[in-house]
2 protein chains.
Amino acid sequence: MPRIALHWVKSILLTLYQRSAITRDEIVRSTGLNPASVSHALQRLLSSGTIVKVGELKSSGGRRREVLKLNPEAGYFVAVDLERTRIRYALTNLVGDIRYRWEQELDVGMDVAVSNLLRGLEMVQRNLAPWQSSRLLAVGISCPGFIHEDGLVTAVNLGWRRFPLAEKLKEATALPLFLDTACRAYVQAERRLGCAQGCDSCIYIEIGKGIGAGIVTDGDYLDGRDHMAGEFGHITIDPTAADPCNCGKQGCLEAIASSSGMVRQYKDVSGLSAAGKDHVRLSDIFEDARKNEPVALSVIDRASKALALGLSHLIMIFNPALIILGGDLLQGEDLMVPRIKRGVSAHLPDFVRETEIRVTSLGLDIGLKGAAFLAFQNSLTDPKLMNKLCAPLTEEITA
Amino acid sequence: MPRIALHWVKSILLTLYQRSAITRDEIVRSTGLNPASVSHALQRLLSSGTIVKVGELKSSGGRRREVLKLNPEAGYFVAVDLERTRIRYALTNLVGDIRYRWEQELDVGMDVAVSNLLRGLEMVQRNLAPWQSSRLLAVGISCPGFIHEDGLVTAVNLGWRRFPLAEKLKEATALPLFLDTACRAYVQAERRLGCAQGCDSCIYIEIGKGIGAGIVTDGDYLDGRDHMAGEFGHITIDPTAADPCNCGKQGCLEAIASSSGMVRQYKDVSGLSAAGKDHVRLSDIFEDARKNEPVALSVIDRASKALALGLSHLIMIFNPALIILGGDLLQGEDLMVPRIKRGVSAHLPDFVRETEIRVTSLGLDIGLKGAAFLAFQNSLTDPKLMNKLCAPLTEEITA
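Residues numbered from 1 in each chain as written. Chains lettered and ligands numbered in written order. Predicted model: local features only at pLDDT ≥ 70, side-chain atom pairs only at ≥ 80, totals over all residues.

## Brief notes about unusual backbone geometry
Residue and element names in this part refer to chain B. Notably, Arg162 is not glycine yet its phi reads approximately 50 degrees, a positive angle. Within the secondary structure, Arg162 sits in strand S10 (residues 160–163). Arg162 gets classed as exposed once you count the C-beta atoms within 10 Å, which come to 10. Backbone geometry at Asn292 places phi at a positive 65 degrees, although glycine is not the residue there. Inspection of the secondary structure assignment puts Asn292 in the loop between helix H10 (282–290) and helix H11 (294–318). By the C-beta count within 10 Å, which is 8 here, Asn292 ends up exposed. (Helix = DSSP H or I, 4+ residues; strand = E, 2+ residues; numbered from the N terminus. Buried ≥ 20, exposed ≤ 12 C-beta atoms within 10 Å, placed from the backbone.)

Written out as structure tokens, the structure reads:
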């Protein structure tokens, strides 16, 4: 029996990841592989149960065409989303559906964070069913900040500077670890599973404790010389503003329009800061604004204006097809998104066709979806992991 | 004798374009072609005189290695640079050296511009020596505004909306015409002949009557969904400013920091506008500033600050290795560049490694160099033009 090339399997599985069901002909077209290679690989993947036949299409000539899809339970990943205030862990199946989840607030400070991380990985692995355990392939991690050439991580908000994250995590798991920056994971999740499918010129903007952009141009992720492209939160959006930013500057977009920036402004203007009260949450501000409370409205107006100006810059510079907004902003979508869209329109010349602006369809799980896809994508290039994924699935005998 | 593949010739000539002299081994390495193909193609190109041997290197083992370069006079191009107020025409040799030039002020209005264009093309072709005439390959045109999918041109400042430029020009020449937007031509010229050689993450900023950006990320030109990326001049750099822009908005970077924007501000502030005097040129403002005239200095300060803010946005978003400034700004390089650099530094957080900012090394001929390279690059994919370029060169017998 002839050898099955890894890149055949890789192309086929990647194609099936994005399309819920597909015919053999469509696989040939979409992968660009020759039909014989596709047939050969499909036969192997069907016999192992990695892909399954879900039905048949009858063409006008009477020929029957099998409709195939991935078996979502053929493999599992651990996905980790390191947000700035919370870590999400999940066991996901092959296509990023979450099968088990565990979350924890993240204490600030490096050592605490690491022991947390180890505990989270342990929790997920402890909660595996036996059949999941044997098909657990890899860990994908979506991480804030940026990752240096040598794999070390700098994430100012976590207090990490050139931190050996991957090395630390190896203490808790023997699985292969794949690490990427949050904004790349987010935009990849949107392209594979969310509202940017088939779109190769799009920008995902995370608006949370910080603000960052994951930018895709001509299908490629924009990385930058030092892997630091997309630091959209630190453009000086208002050179006259005194709003202090974590980066040491003033007037950054992040200082005005991030969730923490909005809370700070609200407390300052309403006098809560001076009174030492610090229990205001972003959701309180949105609630107050819905009751027309003027301070809340002014904070929301200012943040929306700053975001609109920044987005209009991105539109003029990139001429993208789609901008996707996500993060804490989702809690106040009804208040902020219309304001942002109006603001953007006002900043665009009439010769520019408007870019579609929408909120993520993946919600707060976007980081986990992105991390799971990262693990999937990287596993495809590892023959050992592919043989594990394509080992015959035998049905479990239950009582 | 075996056939010589077009792509061998293309790879070799493209490699030789950028390097003034190179050994056979370096050509093999740089093109990635197999050594036999390179040998075969080089033999043909040497025998026709398209490339020439300029010397020999002796290696430590005593082996002699031929050093080769393009014969710059093996082919010629007509290069056209359509600036907003001036058209430059040139006859260039194979590597973009200018052998004849003709320039004219551009009247505003479509028909005038077209008759001008035809006349310019005619002037260049009339001034060819006989040996140049037979080796004239193609016309390259660098054009402001943007080029639609269907080849029509929209250039607001020339009054063109979906204008059939290529079709009109075919009346004046039977040569193949290659058209590209100015900013792409500029940044390509910098990458091939200027200060961005070997740099695949760089941005060229044209600061003239208008402001635009040619952006290269990971070696690829950033084009955008509607070929309208890089409209950097129309970002709203100051939302509070009343400066009117040609695009219909206010507070655009172009309205504050372009040469026409600076002249307008100078006239407004100094009262010359009200007096109906409109003979101020940008160079006058720079002259006045060098004598510490306060109105001139304030206009220059404001424009430099606006440019610095805009450049800092690009640095945060792209994390590029190099930003190159060109256009009318060159006349006041001593005044503006130090101000711009100081301003950029103030807007960058300390975790960002600074991007090198420098002025173009190609001066005002950058558009012609870019247009010539455009013609060269496109000619490489045309077998007819390549056979013309590689026809045997015979020395002219003079009296």
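## Some remarks on the domain arrangement of chain A
Residues and elements named next belong to chain A. Entries for chain A in the domain assignment read domain 1 (6–70), domain 2 (74–187 + 365–389) and domain 3 (197–360). A separation of 30 Å is found between the C-alpha centroids of domain 1 and domain 2. Taken together, the contact pairs 9 residues of domain 1 with 9 residues of domain 2. No other element matches the 6 residues that helix H1 (residues 6–18) contributes to the side of domain 1 that touches domain 2. Taken together, the residues that form the side of domain 1 that touches domain 2 break down as 6 nonpolar, 2 polar and 1 charged. (Domains from an automatic or database assignment. Contact = placed C-beta atoms within 7 Å. Nonpolar A, V, L, I, M, F, W, Y, C, P; charged D, E, K, R; others polar.)

## Side note on the pairing of strand S4 (residues 76–82) of chain B
Residue and element names in this part refer to chain B. Summarising burial for S4: 7 of the 7 residues are buried, a large majority. The alternating pattern of S4 places Tyr76, Val78, Val80 and Leu82 and Phe77, Ala79 and Asp81 on opposite faces, both of which are buried. When S4 meets strand S5 (residues 86–93), the two strands line up antiparallel, connected through 7 bridges. Each bridged residue has a counterpart across the sheet, and for Asp81 the counterpart in S5 is Arg88. Relative to strand S7 (residues 136–143), S4 runs parallel, the two being bridged by 6 bridges. Opposite Val78, over in S7, you have Val139 as the bridge partner. (Pairing = 2+ DSSP bridges.)

## Examining the sheet that holds strand S15 (residues 322–327) of chain A
Adjacent strands of a sheet form backbone hydrogen bonds with each other and so pair up, either parallel or antiparallel. Residues and elements named next belong to chain A. The strand order across the open sheet formed by 5 strands is S14-S13-S12-S15-S16, and the pairing between neighbours is mixed. Each of the sheet's edge strands pairs with one partner strand only, and the pair in question is strand S14 (220–221) and strand S16 (356–359). Summarising the sheet, strand S12 (residues 202–207) and strand S13 (residues 211–217) pair through 6 bridges and their orientation is antiparallel. Within S13, the residue paired with Ile203 across the bridge is Ile215. Where helix H7 (residues 182–192) meets the sheet, it contacts S12, S13, S14 and S15, and its direction lies at approximately 50 degrees from that of S13. (Axes fitted to C-alpha atoms, helices over the stretch in contact; angles between N-to-C directions.)

## A closer look at the relation of the copies chain A and chain B
One copy of the chain maps onto the second through a rotation about an axis and a displacement along it. When chain A is brought onto chain B, the operation consists of a screw motion whose angular component is 180 degrees and whose axial shift is 0.0 Å, with 0.1 Å RMSD remaining. These values place the two chain copies in the arrangement generated by a two-fold rotation axis. Here 100% of the contact residues of chain A are again contact residues in chain B; the copies associate through an equivalent surface. (Least-squares fit on C-alpha atoms with pLDDT ≥ 70 in both.)

## Brief notes about the sheet that holds strand S8 (residues 146–147) of chain B
All names here are of chain B. Read from one edge of the open sheet, 3 strands run S8-S9-S10, paired in antiparallel fashion. What marks the edges here is a single partner per strand, and that holds for S8 and S10. Here S8 runs beside strand S9 (residues 153–155); their pairing, made up of 2 bridges, is antiparallel. By the bridge assignment, Ile147 is partnered in S9 with Val153.

## Structural notes on the interface of chain A and chain B
Contacts between chain A and chain B engage 36 residues on the former and 36 residues on the latter. The element contributing the most residues to the side of chain A that touches chain B is helix H11 (residues 294–318) of chain A, with 6 residues. Residues belonging to the side of chain A that touches chain B are distributed by class as follows: 17 nonpolar, 11 polar and 8 charged.

## Comments concerning the pairing of strand S16 (residues 356–359) of chain B
Residue and element names in this part refer to chain B. Bridge count between strand S15 (residues 322–327) and S16: 4 bridges; the pairing is parallel. When the sheet's bridge partners are listed, Ile323 is paired in S16 with Ile357. For the crossover that starts at S15, traverses helix H12 (residues 333–346) and ends in the parallel S16, the hand is right-handed. (Right-handed = clockwise from strand over helix to strand, strands pointing away.)

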